[in-house]
Every structure is written in C-alpha cells, then in structure tokens.
Amino acid sequence: MTFAYVSRTGTRNRAYPFSAIVGQEEMKRALLLAAIDPTIGGILVLGDRGTGKTTAVRGLAGLLPVIRAVEGCRFNCDPDRPSGTCPDCGGGARGTARYRRIPVPVVDLPLGASEDRVVGALDLEAALVHGRKSFEPGLLASAHRGFLYIDEVNLLEDHIVDLLLDVAASGINVVEREGLSVRHDARFVLVGSGNPEEGELRPQLLDRFGISVEVGSPSDIAERIEVVRRRDAFERDPQTFMERFKRGDGRLRTRIRKAQALLPEVECPDAALTFASKLCLKLGVDGLRGELTLLRVARATAALAGRQHVEVADMVAAAPGALRHRLRRDPLDESGSTARIERALSELSEG
Amino acid sequence: MNASHPGPWHDALLAAQLLAIDPMGLGGIRVRARAGPVREAWLRWVRELFPPGASFSRVAASPDEASLVGGLDFSATLATGKPVMRFGLLAAVDGGVLVLAMAERTSASCAALIAAAMDCGLVKVEREGFSSDLQARFGLIALDEGIEDDETIPAALADRLGLSIRLEEIGYRDIGSEKCDRHAVIAAQARVNAVAVADDIVAALVGLALASGWSSVRGSLFLLRAARAVAALRGADEIAVEDAATAARLALGPQRLAEAVAAPQEKEPPQPEQAPPEEGRAEDSRGELQDIVLQAAAAQLPDGLLAAMLANKVRMAADRGGGSGRTAASAKRGRPLAPIASPRRAGVRLDILATLRAAAPWQGLRGRAKDETLRIRMSDLRNKRYAERRGATAIFAVDASGSAAVARLAEAKGAVQLLLAECYVRRDEVALIAYRRTQAEVLLEPTRSLARARKMLSALPGGGGTPLAAGIIAAARLARAQDKRGRDAITIFLTDGRANVALDGAGGRDRAMSDMREAARRFRGMALRSIVIDTGGRPQPAVAALANELGAEYVPLPRGGAGRISAVLSERMKG
C-alpha cells in the first residue's frame, strides 16, 4: 500500500479563506488582534460544534504576512534578534545571518501527540543510522514566533497541558532527556478551541489565554443560508472559490501589516487607563494580568482601526474577550460571565 | 406496511450509495443496529459500492491512539536498523471506509481523533519521533448498538455523520435481491458537483435542519450535499423537491425528522432587510417549501416509526448531550513517568522508543556494522510507567420531597456546583440523583462540565413524598457503574431519614421504612463508600441509624449551607 504524504504548505493552501467566513465577528477580530500583537497572549475559542472554530484558525494561516528567519535554523530564529541559546544558529551577530522568508508558522498540536514530539527529543534516525547524538526539535520549536493551535483543547492530556503552560509562561523550552540538554526560545500564541460541554478547562490553563471568545451557531436564517452556500461552493470547487476571496484575504493582510506598523505609536490616554482600572476593580479580577491584557487588546483594537489613540470605546469592545475567563467563578450565580461584564460596563458608563 | 414508501432496506441501500458518491462531503453513516445478519448483509453491500481494493477496515469502540494515528514500527525498526513508521488505521483507510463497531462506547478522546481526521482529510502524526501529515479521506460508518437510552455515540462524531439509518426494524427476509450497481455510483460521482440548486431549496433545507434541532451548520450542509447526491444518482442536473425530501429523510434520520415534525411551525420571523436581494421568492414561499419537503420526507417513513420516535423524544434530549464527560480511565493513559530500566514482567509494557534510544549510543561499541540489525541487550529494555490516579465520582442522592425541600435542594445544588468547581482541577466528576414522589431519578449523569451541571440543576424540581429506598437503590446502581469504569465512587445522601414511600411507589411509613432498611443493607453489602448528611432541623437518631445500616459516615449538618457541605466532602474525596 502506498501512503500519500501531504506537504505542510499543501494543506495550508487548501484552507477555507478567512475572509469568506460569514459572521462570527468576535472570533475573527480576536484572531486578527493576536496577529497584530502576539503579546496579547493566547486565544481561546469555546462554543458549539460546527461553528467554524477550526476553519477560522486554519484560515488565519493564509492571512499572515511573511517573516524573516535565519537560513537553516530549525527554530525559526529572527536574524535581527539572534538568540544566544539557539542550538542551530546561536551566537551569530545581529543582522549578519543569511535568512529566508517564511510564512508565520501556524502549527497544529493534534490530540494524541506524544510528549517527545511536543518538546523535541533525541533524533532516533541520526542515532541509529549514524551513531550521532542530536536533538530533533518538536512542535514547540516549529511554533516559535507563530501560532500553536490545539483543537479540542479540553481533551488534551494533562501532562501535555502542564508542559505547554510552563513553556508559554517562560517563552523558553528546556529539554533534559535522553542525555540531551537543550534550551531554545519558544514564544508562540496559543490558540485553543473546544466545546465546553466536553469538559471544563482548568483555571490555570484558562488564565494563560489573553482573549476568550464564545461562539454559537448563527441564529439568523439568512446568515445560515449564506454560510451553507459558501461552504458548498468551496467544497465543490475550491480553486474558483479561493480565487473569489483572494482579494478579501489580501485586504485583511494589508490591514494586519499596517496595524502592526502602527502599534508601537498607539498611545493610551489616562481616561482610558482609569476606565480599565475601574472596570477590573468592579469585576474583582485578580492580579494585574487582566488589566494588562485589557490594555493590550484595546491598543491592538485601536491600531486595527488605524487610530493612534486608545478610546474608551476600545476598552469597552475589548473587555468581554479579555476578562470573561478571568472572573472568579461564583457557582451560585446563574448569570454568565459575559452578562456580568456587560452589567459592569453599563454601570460604569452611567456613573 | 404501506406500499407507497420504499421501505427501510431500500433506504439503507440508498444511504450507502450516497456515501459512496460523496464520502468526504457526507462524512459517514450512523447505523442504528444490533449485530446480526441484516447488518452484515448491508455492510457487504456497502463494500461492493466502493472501488475494488479500497480499504474497508473495521475497528471496535475505542482503539488506542497508537493504532489510530500510528507510530514506531518496532520489528521493522529492529530489522532495518533505522526508524520505520507504522501507519495508523486512519491513514491506512484512506480512500475507503472505516467501520466503527460499538460506536456508543467510543471515548471522547478517540472520537476527537477520528473527527479531526474527518475534518481535514488528513491525519497529523506527531508521535514517537515521527512528524508527518498523511492523507486520510474516508467515509465513517458508526455502528450504534446502544440498547439503553443513555447509550449513544459521542456527539463529536454524531455531528460529522451526514446520514442516519436504522436497520433495527428490518428482518432478514425483508432484504431484497437488489444488485449492487457501482456504475450508477461512478456516473453520479462525475455529475454530483455540477448539480444545480435553487435558492428556495437551500433555504428550505437549512430551515429543516434547524427545525430538527440540528443546530450545527454541518447539519444544513449535509442536507444539501445529500440532496445533490440523490439528484445525481437519479441522473438529474438540478435538485428537485423530491430529492430534497429523500435527502431530508436519510440525512436527518427518523429521530431528527420526528423532531422537525413536532417543532412548532412558526420557525421563521420575517427578516426582509437581511435577505440577500437575489432571493427572488418571498419569505412565505420559503416556509411553505420547507413544509412540503418535510411532509414528503415524513410520508416515506414506515408506518408507526414516526410515532414511536415522537414518543421517544426524551431519548433525543439525552442524545445531544451524549458522549461528553465520559472519559474512560485506562491504564494506557495518564501521566507518563520516566521509563524505567527493569526486568521484563508479565503485564508490563515495553517502551519501545525509550529502549531504542537507550540502545542507540552503544551500537558502535557493540560492533554493529552498517546494514546490520540493531544490537539490543537486556540492559537497554525500558518499561512504560504511568502515574494514574483513579478518578473519583461524587454521587449526590438528594431528598427532593415536599416541605423543606426547596431550601435543602438549594443547598445541595450549591454544594454540587462548588464541588464541580474543584473537580476540574482534580479530574473528579459529580452526579446527581433526586428522589421525590414515587421514584428516584438520575438527574445528572457523572460529569465534569459545569455548563451541563448548571443547566440540569437549574431545572431540578421538588415536591411530593420521600421514596428513600428507591434513592438508595439508584445510588447503588450508579456507584457500581462507576466502579466498572474504573472510578472510585462516593455517595452522599442528603436526607432527614423520614422515608414515607415504599419501593413500589405506595405510601405508608412502615413499609417505606422497612424497604429503606432493606435497601440500605444491600447497599452496605456492595461495600460502597458513602456519607449521610443529616439535613433535619437538629440531629435525628433515625438518620444516624440509617448511616449505620448503609455503612456510611454520619455527618449532622443542620441547615448545612452549601459551603460547609462541600468543605466536608472535599476533605473526604482527597483522602
């Protein structure tokens, strides 16, 4: 029997175009914001089955601009910011390395992945065939400077989750196994999706995500019909369909690039900062992480809109996604987190 | 049987043909059938519809990750001296059909793996040193053999199966002598993507999927794909209303069709400004067409089946939430510890990869020449070790009878939710049984999901007598089931000990109390752990006696308060 290997770029090209996704504005905006400012932290998409969670993340890969990476480095090192610890290219002077252009990596962490493939391990082939002891980078290395996507994140085995949490917090992957001792940079945007009915996420993991989005099936019948029509057209003739949305994707790519360039200049006036503090205080959000994320999301929102100043409206738009999953859970309070945030927002705007 | 409808066997064959025409677009078939000659005959038929040589693999319930995804081929690796990959089932079945037997027992993680492969037609292998994407385009046939109403296939799979049939009503003699016509399938395949569809048909199909309760967009899409395949099979180049009806029957299946029939007709609020301008026909005609398709689809079902399905709507509710929260504990999961070098013992699993990694550095010293088999010594062998803690399930058996029930129930509800909040840290589950009026009822199957628990709890009613005996027996049954799943169960009775309804539902305190004592003795005989929380105004000797009969710990908690109950429990469950 023959098995067909599919190159990774091959799968990428076949993805449903991002700009063809109907509705689901909150999810799409969250992904764009993370593309503009990766320091926002991860994106968590929770919702019903068949709402296009996976489609959107895979579509995002087609939108992202290219980046420069050191030629021959399997850890996607940035030639302008060389990492001294990189096992492949470590120690090179800034900007001297030869580089190649790669698309921002969007790496899948499939369920059933084993630990050695996630963190990296001894290269078995090199060891057996050539008697050489070398490190084979794992998915965390491939995802460096890009996105790491986990579908059904709530079904991931605990020990893998623990590994991810550790690396996501430090930005460095430390491997000490099989006589190897390797450390390399691994900074990535963690994107998780799942259905809350399949099981809750641990609070430690929840907290790692910068933005959480709740998606539902479109209730508007006209929107639903449009979703079905487009999906059907895509499945019947992907080439033509992608051609149709190529320009839409291109426009989005340009917006991302412009917003990225604008982001360092975006300023946050005191009024907006005060609003953020008041809101977090009112909601009883623990720690500074929530407030910081809120600020970052609002800045990216302003950049996406092409503005150099954060407005209170940006904070209002950013609040549900940035804070929803950080509220202390009150099991006896039947109203959802989103409702609580909206209540606090309206109270603040009145007062 | 009515002569005008084509019959369930014909439908089963038609569904098979549709799958053969468009396996990727339709995902697969959910087959409700017990093992037997009818099912085997149908499977043989399916096989003949696919190209000769196409893979047709059968696997039971929950194959482990390694066999689904693949990994290191130990014997080939040893023989050749370099890592050789063993392909998993999902890649091996590319271009063919995967038959999942006993699909109602498939675990959530296994279902998620299959679902991921179905979504992108690929299996992503990131295991045991291998990293590759392999094509995995297949049709899935999920054999749902559930007998009990709560046995159903995981929702993640159910949502990805575009066709649904029942073979249960078909006798072996009903099987006709229809010849398998592969040529018709091939001809339809060439035509299917070109079949045109009118806007009002799309609207009718989408509306129908919604009315049937299939809220995921996939449902609507499957209806459309199925209608297109039906039309293509008929040789048509446009979807007719009859095609849509046939598709609705096969894609929704009898159960969902019954839902759609029962759904109130006022489904569509008019949205004139939302409708795209090219939709020439007005909204009212859209709703009308949806009705016509629905009626035509329902008319083709065997007599009586629809009525049976309507009577069975409770089951459907269970169906949607099904499969979730059930993660079977298995010795193959858990946190892997560092592999250990230790002698081979029966029942210990060899960690092949770790063994090879241990042996690799020594190959040169051991004098292995190129192209020679690997030299592995006893000292290289590494065994797998897992740290697995048995998950625990807390079963709340709550007195939901009249009088003080409202306050007590609120406390129990609160305790369940507080415990749940801790549960996802510890991977514990909770379940809820309420006894009131004449019987006990499992209101919440063991779950870790706060979302589901909250939904169930908010709908929990109270009132009536106190059938404590029935409550004890229901708890015992659930606790035993947990034990079989490899989980520790602890039952928490919240009661004031005043049983007044006997096992058979009759009133009368004396019989109720003696039934209760009998049930308690049986409970004790099964050596099940339990706690009795006395919810009476002040500690009752009767409740202490009940605890004694149950072999339970007695905790008086007058006006307990959710926080205190959950604190007491939390302590016990950690131990």
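Computed from a prediction, not measured in an experiment: that's the story for all the values here.

1. Concerning the overall build of chain B
Alright, step 1. When you go through chain B residue by residue, the secondary structure sums to 22 helices and 17 strands.
Alright, step 2. Here chain B holds 575 residues, and the buried ones make up 55% of them.
Alright, step 3. Summarising the internal contacts of chain B: among those between residues at least 6 apart in sequence, 76% fall at separations of at least 24.
Alright, step 4. Of the roughly 23300 Å² of accessible surface on chain B, 53% is carried by carbon and sulfur atoms.

2. Considerations on the sheet that holds strand S5 (residues 97-101) of chain B
All names here are of chain B.
Alright, step 1. Pairing in this open sheet of five strands is parallel, and the strands run S2-S5-S8-S1-S9 from one edge to the other. Both outer strands of the open sheet, strand S2 (56-60) and strand S9 (163-166), are each paired with one neighbouring strand and no more. The sheet shows a mean angle of 20° between the axes of neighbouring strands, direction not considered.
Alright, step 2. Pairing of strand S1 (residues 28-32) with strand S8 (residues 139-144) involves five bridges; the strand directions are parallel. Within S8, the position partnered with Ile 29 by the bridge is Ile 141.

3. Things to note about the packing of aromatic side chains
Alright, step 1. Counted according to the given criterion, the structure contains seven aromatic pairs over all chains.
Alright, step 2. Joined through ring pairs, the aromatic side chains of Tyr 16, Phe 234, Phe 241 and Phe 245 of chain A make up one cluster.
Alright, step 3. One Lys or Arg, Arg 231 of chain A, reaches over the ring of Tyr 16 of chain A and ends 4.6 Å from the middle of that ring.
Alright, step 4. The ring of Trp 214 of chain B has Arg 256 of chain B sitting right over it, with the charged end atom 3.9 Å from the ring centre.

4. Thoughts on the environment of Pro 23 of chain B
Alright, step 1. Among the secondary structure elements, Pro 23 of chain B is positioned in helix H2 (residues 23-26).
Alright, step 2. Note: C-alpha distance between Pro 23 of chain B and Gly 139 of chain B (116 residues apart in sequence) is 4.9 Å.

5. As for the sheet that holds strand S15 (residues 488-495) of chain B
Residue and element names in this part refer to chain B.
Alright, step 1. Taken together, the six strands give an open sheet; going across it, the order is S14-S13-S12-S15-S16-S17, and neighbouring strands pair in mixed fashion. Because the sheet does not close on itself, it has two edges, and the strands there are strand S14 (439-447) and strand S17 (553-556). Neighbour-to-neighbour, the strand axes of this sheet turn through a mean angle of 20°, independent of strand direction.
Alright, step 2. In terms of strand pairing, strand S16 (residues 529-534) meets S17 through four bridges, oriented parallel. Residue Ile 531 lies in a different strand from S17, and its bridge partner there is Glu 553.
Alright, step 3. Where helix H21 (residues 541-550) meets the sheet, its contacts fall on S15, S16 and S17, and the angle it forms with S16 comes to roughly 175°.

6. Here we look at the packing of helix H12 (residues 289-304) of chain A against helix H13 (residues 312-323) of chain A
All names here are of chain A.
Alright, step 1. Two elements in contact, H12 and H13, have axes separated by 8 Å at closest approach and are oriented at 130°. The orientation of H12 with respect to H13, classified from their angle, is oblique. The crossing of H12 and H13 is right-handed. For the pair H12 and H13, the contacting residues are Gly 290, Thr 293, Leu 294, Leu 295, Val 297, Ala 298, Thr 301 and Ala 302 in the first and Asp 314, Met 315, Ala 318, Ala 319, Ala 322 and Leu 323 in the second.
Alright, step 2. Taken together, the residues of the contact of H12 with H13 sort by class into 10 nonpolar, three polar and one charged.

7. Observations regarding the confidence of the model for chain A
As a general rule, the predicted coordinates of low-pLDDT regions are not to be interpreted in detail.
Alright, step 1. When pLDDT is averaged across chain A, the result is 84; 91% of the residues are at 70 or more.
Alright, step 2. Segment residues 1-12 of chain A: pLDDT under 50, and 26 contacts once partners within four positions in sequence are set aside and those in other chains are kept.

8. Let's talk about the pattern of salt bridges
Alright, step 1. Tallied over the entire structure, the rule returns 39 salt bridges over all chains.
Alright, step 2. Notably, a salt bridge pairs Asp 232 of chain A with Arg 225 of chain B, separated by 3.3 Å at the nearest N-O pair. Taken together, the residues Asp 232 of chain A in helix H9 (residues 221-236) and Arg 225 of chain B in helix H11 (residues 217-234) connect one chain to another.
Alright, step 3. For Arg 225 of chain B, a relative accessible area of 4% gives the class buried.
Alright, step 4. As a salt-bridge pair, Arg 225 of chain B and Glu 235 of chain A come within 4.0 Å of each other at their nearest N and O atoms. Within this pair, whereas Arg 225 of chain B is found in helix H11, its partner Glu 235 of chain A is found in helix H9, the two belonging to separate chains.
Alright, step 5. Linked through salt bridges whose partners overlap, the residues forming this network are Arg 231, Asp 232, Glu 235 and Arg 236 of chain A together with Asp 22, Arg 225 and Arg 228 of chain B.

9. Concerning the pairing of strand S13 (residues 429-436) of chain B
Residues and elements named next belong to chain B.
Alright, step 1. Burial analysis of S13 places eight of its eight residues in the buried class, which makes it a mostly covered element.
Alright, step 2. Examined bridge by bridge, S13 and S14 share six bridges and lie antiparallel to one another. Among the inter-strand pairings, Ala 434 is bridged to a residue of S14, identified as Glu 441.

Conventions adopted
- Residues numbered from 1 in each chain as written.
- Chains lettered and ligands numbered in written order.
- Predicted model: local features only at pLDDT ≥ 70, side-chain atom pairs only at ≥ 80, totals over all residues.
- Heavy atoms only, no water.
- Helix = DSSP H or I, 4+ residues; strand = E, 2+ residues; numbered from the N terminus.
- Buried < 20%, exposed > 50% of the residue type's maximum accessible area, 1.4 Å probe, protein only.
- Contact = heavy atoms within 4.5 Å.
- Areas by Shrake-Rupley, 256 points an atom, 1.4 Å probe, with all protein chains shown as cover.
- Pairing = 2+ DSSP bridges.
- Axes fitted to C-alpha atoms, helices over the stretch in contact; angles between N-to-C directions.
- Phe/Tyr/Trp six-rings, centres within 6.5 Å; stacked < 30°, edge-to-face > 60°.
- Lys NZ or Arg CZ within 6 Å of the ring centre and 35° of its normal.
- Parallel < 35°, antiparallel > 145°, perpendicular 65-115°, else oblique.
- Left-handed = near helix turned anticlockwise from the far one by under 90°.
- Nonpolar A, V, L, I, M, F, W, Y, C, P; charged D, E, K, R; others polar.
- pLDDT = per-residue confidence, 0-100.
- Salt bridge = Lys/Arg side-chain N within 4 Å of Asp/Glu carboxyl O.

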